[in-house]
Amino acid sequence: MVAKKTKKTKFGFRQNFVGDTLAFSAMLGKLPPIDLNDPYAVEERVNQYFDMCIKADCPPSVEGLALVLNMSRKQFLELVASDIQNDSMSIMRKSLAILEHNTMTAARLGIMTPIMAIYDTANNHGYSRQGDVVINKTVIEQKQDPAMIAQKYAGLIETKEETE
């Protein structure tokens, strides 16, 4: 029997994109909680998540990483931004750096739309798109000699004398 090939979208998922992404997210959510104070467990879970993304051909995300660590995106970002210094936090911070690198590489290669790259880096990696423009208004007064102005525009305006 020949295996039926399914057409993949540009995201790697089969044509059933909604079903595939929901099934993948549900699978991530069903992983049992781990002890976040155990660096071995954290590293294993992070590696498991990245392996799952590779196998499913699904781009990794901060949201997915937070999900496999049994927390929200906001909780994850607050945790890695905290002053806590231990091996588990180092692993989580490094995993966030891996996601940032992945996002920026995808953006540079044109794999990710620019607006998504801007959104992702601003919301998850502390980037900002701020374009402050400072305008210094200075008034420059130049007084020109009326004779020079007349000479500059001489011949452009017909005078009464020239029309008669």
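Residues numbered from 1 in each chain as written. Predicted model: local features only at pLDDT ≥ 70, side-chain atom pairs only at ≥ 80, totals over all residues. Heavy atoms only, no water.

### Quick notes on the nonpolar core
One broad trend across soluble globular proteins is that nonpolar side chains are buried collectively. Grouped together as the largest cluster of nonpolar side chains are 24 residues, with contacts concentrated most on Tyr49, Leu65, Val68, Leu69, Phe76 and Met92. Listed by contribution, the elements that provide at least two residues to this core are helix 1 (17-29), helix 2 (39-56), helix 3 (62-68), helix 4 (73-81) and helix 5 (87-108). Ranked by the residues each element gives to this core, the list is headed by helix 2, at six residues. In this view, leucine 65 contacts Val46, Tyr49, Phe76, Ser95, Leu96 and Leu99; residues no more than four positions away in its chain are not counted. (Core = buried A, V, L, I, M, F, W, Y, C linked by side-chain atoms within 4.5 Å. Buried < 20%, exposed > 50% of the residue type's maximum accessible area, 1.4 Å probe, protein only. Helix = DSSP H or I, 4+ residues; strand = E, 2+ residues; numbered from the N terminus. Contact = heavy atoms within 4.5 Å.)

### Observations concerning helix 1
Along an α-helix, residues three or four positions apart point the same way, because every turn accommodates 3.6 residues. Relative to the 18 Å expected for 13 residues at 1.5 Å per residue, helix 1 spans 18 Å between its end C-alpha atoms, a close match to the ideal helical length. Against the buried residues of helix 1 lie helix 2 and helix 3. (Expected span 1.5 Å × (residues − 1).)

### Comments concerning the side chain of serine 88
In this fold, serine 88 is placed in helix 5. Exposure remark for serine 88: the relative accessible area of 1% places this residue in the buried category. At a separation of 2.8 Å, a polar atom in the side chain of serine 88 contacts the main-chain carbonyl oxygen of leucine 36. Apart from residues no more than four positions distant in its own chain, serine 88 is found in contact with Leu36, Asn37, Asp38, Pro39 and Val42. (Polar contact = N/O pair within 3.5 Å; in protein donor to acceptor, adjacent residues only side chain to side chain.)

### Let's talk about the packing of helix 1 against helix 2
Contact pair helix 1 / helix 2: the axes reach a minimum separation of 12 Å and the direction vectors enclose 160°. It follows from the interaxial angle that helix 1 and helix 2 lie roughly antiparallel. The crossing of helix 1 and helix 2 is right-handed. Residue-level inspection shows Phe24, Met27 and Leu28 of helix 1 in contact with helix 2, the latter providing Tyr49, Met52, Cys53 and Ala56. Partitioned by chemical class, the residues of the contact of helix 1 with helix 2 number seven nonpolar, no polar and no charged. (Axes fitted to C-alpha atoms, helices over the stretch in contact; angles between N-to-C directions. Parallel < 35°, antiparallel > 145°, perpendicular 65-115°, else oblique. Left-handed = near helix turned anticlockwise from the far one by under 90°. Nonpolar A, V, L, I, M, F, W, Y, C, P; charged D, E, K, R; others polar.)

### With respect to the packing of aromatic side chains
Throughout the structure, instances matching the rule amount to one aromatic pair. Arranged with centres 5.7 Å apart and planes meeting at 45°, the rings of tyrosine 49 and phenylalanine 50 form a pair that is tilted. Assigned by exposure class, tyrosine 49 and phenylalanine 50 land together as buried. (Phe/Tyr/Trp six-rings, centres within 6.5 Å; stacked < 30°, edge-to-face > 60°.)

### Remarks on helix 5
Helix length check: helix 5, at 22 residues, gives a terminal C-alpha distance of 31 Å against a target of 32 Å (1.5 Å per residue), a fit within 8%. When we look at burial in helix 5, the residues that qualify are Ser88, Met89, Ile91, Met92, Ser95, Leu96, Leu99, Thr103, Met104 and Ala106. Packing partners of the buried residues in helix 5 comprise helix 2, helix 3, helix 4 and helix 6 (114-124). A distance of 3.1 Å separates the backbone nitrogen of serine 88 from a side-chain oxygen at the start of helix 5, and that oxygen is part of asparagine 86. Positioned one or two residues after helix 5, glycine 110 has a phi angle of 80°, which is positive.

### A closer look at the packing of helix 5 against helix 6
The N-to-C vectors of helix 5 and helix 6 enclose an angle of 160°; their axes lie 10 Å apart at closest approach. When the interaxial angle is binned, helix 5 and helix 6 end up roughly antiparallel. Every pair of crossing elements has a handedness; the one defined by helix 5 and helix 6 is left-handed. Residues Leu96, Thr103, Met104 and Ala107 of helix 5 lie in contact with helix 6, whose contacting residues are Ala117, Asp120, Thr121 and Asn124.

### Looking at the side chain of serine 95
Among the structural elements, serine 95 can be located in helix 5. In this structure serine 95 comes out as buried when scored by relative accessible area, which is 1%. Other than its neighbours up to four places away in sequence, serine 95 contacts Val46, Phe50, Leu65 and Phe76.

Read these as layout, nothing more, since geometry by itself doesn't imply function.
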